Amino acid sequence: MLLALADAGDEWRHGYDIATQADIKSGTLYPLLMRLEAQGQLEAVWQESPTPGRPPRHAYRLTQAGRAWLAGMGEALDQARARRDAMAPQPGLSAAAKTSASSI
C-alpha cells in the first residue's frame with residue numbers, strides 16, 4: 001500500500017486502485033488509510049465519479065509530511081519495490097516458470 005502511494009507522487013489515488021495494486025482487501029486497506037490520514041501522512045478528498053449516477057469516491061495522496069516519512073524508509077521501500085518487480089508477470093513467462101527462475 002505504501003508503495004502505491006509513494007509511486008503516485010502528488011496524484012490522487014482511489015482506494016480501489018490502491019487495494020488492487022497492493023493486492024490487499026478493503027477491510028485491511030481502509031483502516032490503514034484512515035489511520036495515516038489521522039496522523040497527517042495522507043490527505044483525502046471526495047471526488048465525483050466520472051460515471052453519472054455513481055456515488056462520489058474518496059481519493060488519497062501523501063502529504064508533504066507523508067512523503068518525508070516515506071523518504072526516511074528509503075532502503076526498505078527499495079527492497080519492497082524489488083520484490084514487487086520480481087513478482088510482476090513477464091511476457092512469455094508463466095507464473096510457475098517465473099517462480100522457478102526467481103528461486104535459482
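Everything numeric in this text was worked out from a predicted model, so none of it was measured.

(A) How the structure looks around the overall build of the protein. Summing up its helical and strand segments, the protein has 6 helices and 3 strands in all. Per-residue burial over the protein gives 24% buried out of 104 residues. If you take every contact in the protein between residues at least 6 apart in sequence, the share linking residues at least 24 apart comes to 48%.

(B) Structural detail: the pattern of salt bridges. One pass over the full model with this rule turns up 2 salt bridges. Here Arg67 and Asp10 are joined by a salt bridge, their closest N and O atoms 3.1 Å apart. Here Arg67, found in helix α4 (residues 64-71), pairs with Asp10, found in the loop between α1 (2-8) and β1 (13-14); they are 57 residues apart in sequence, far enough to count as distant. The class of Arg67 is partly exposed, set by a relative accessible area of 34%. Between Glu43 and Arg61 there is a salt bridge, and its shortest N-O distance comes to 2.8 Å. Of this pair, Glu43 sits in strand β2 (residues 42-47) while Arg61 sits in strand β3 (residues 57-62), and the two are 18 residues apart along the sequence.

(C) Seen up close, the side chain of Gln41. As for its placement among the helices and strands, Gln41 is situated in the loop between α3 (26-38) and β2. For Gln41, a relative accessible area of 13% corresponds to the buried category. Of the polar contacts made by the side chain of Gln41, one reaches the backbone nitrogen of Gly66; its length is 3.4 Å. Beyond its immediate sequence surroundings of up to four residues, Gln41 is in contact with Leu36, Arg61, Leu62, Thr63, Ala65, Gly66 and Trp69.

(D) Highlighting the sheet that holds β1. Judged by pairing direction, the sheet is antiparallel, and its 3 strands sit side by side in the order β1-β3-β2 without closing on themselves. Two strands lie at the open edges of the sheet, namely β1 and β2, each paired on one side alone. Here β1 runs beside β3; their pairing, made up of 2 bridges, is antiparallel. In the sheet register, Arg13 faces β3, and the bridge partner there is Tyr60. Running at roughly 115° to β2, α3 makes contact with β2 and β3 of the sheet.

(E) Inspection of the confidence of the model for the protein at higher detail. Of all residues in the protein, 86% have pLDDT values of 70 or greater, and the mean over the chain is 83. Mean pLDDT in the protein bottoms out at helix α6 (residues 95-102), which sits at 48, and peaks at β2, which reaches 95. Across residues 98-104, where pLDDT falls below 50, the model places 6 contacts with residues more than four positions away in sequence or in other chains.

(F) Unusual backbone geometry, seen in detail. Unlike most non-glycine residues, Asp23 shows phi in positive territory, near 55°. In this structure, Asp23 sits in the loop between α2 (15-22) and α3.

Cut-offs and rules
Residues numbered from 1 in each chain as written. Predicted model: local features only at pLDDT ≥ 70, side-chain atom pairs only at ≥ 80, totals over all residues. Heavy atoms only, no water. Helix = DSSP H or I, 4+ residues; strand = E, 2+ residues; numbered from the N terminus. Buried < 20%, exposed > 50% of the residue type's maximum accessible area, 1.4 Å probe, protein only. Contact = heavy atoms within 4.5 Å. Salt bridge = Lys/Arg side-chain N within 4 Å of Asp/Glu carboxyl O. Polar contact = N/O pair within 3.5 Å; in protein donor to acceptor, adjacent residues only side chain to side chain. Pairing = 2+ DSSP bridges. Axes fitted to C-alpha atoms, helices over the stretch in contact; angles between N-to-C directions. pLDDT = per-residue confidence, 0-100.

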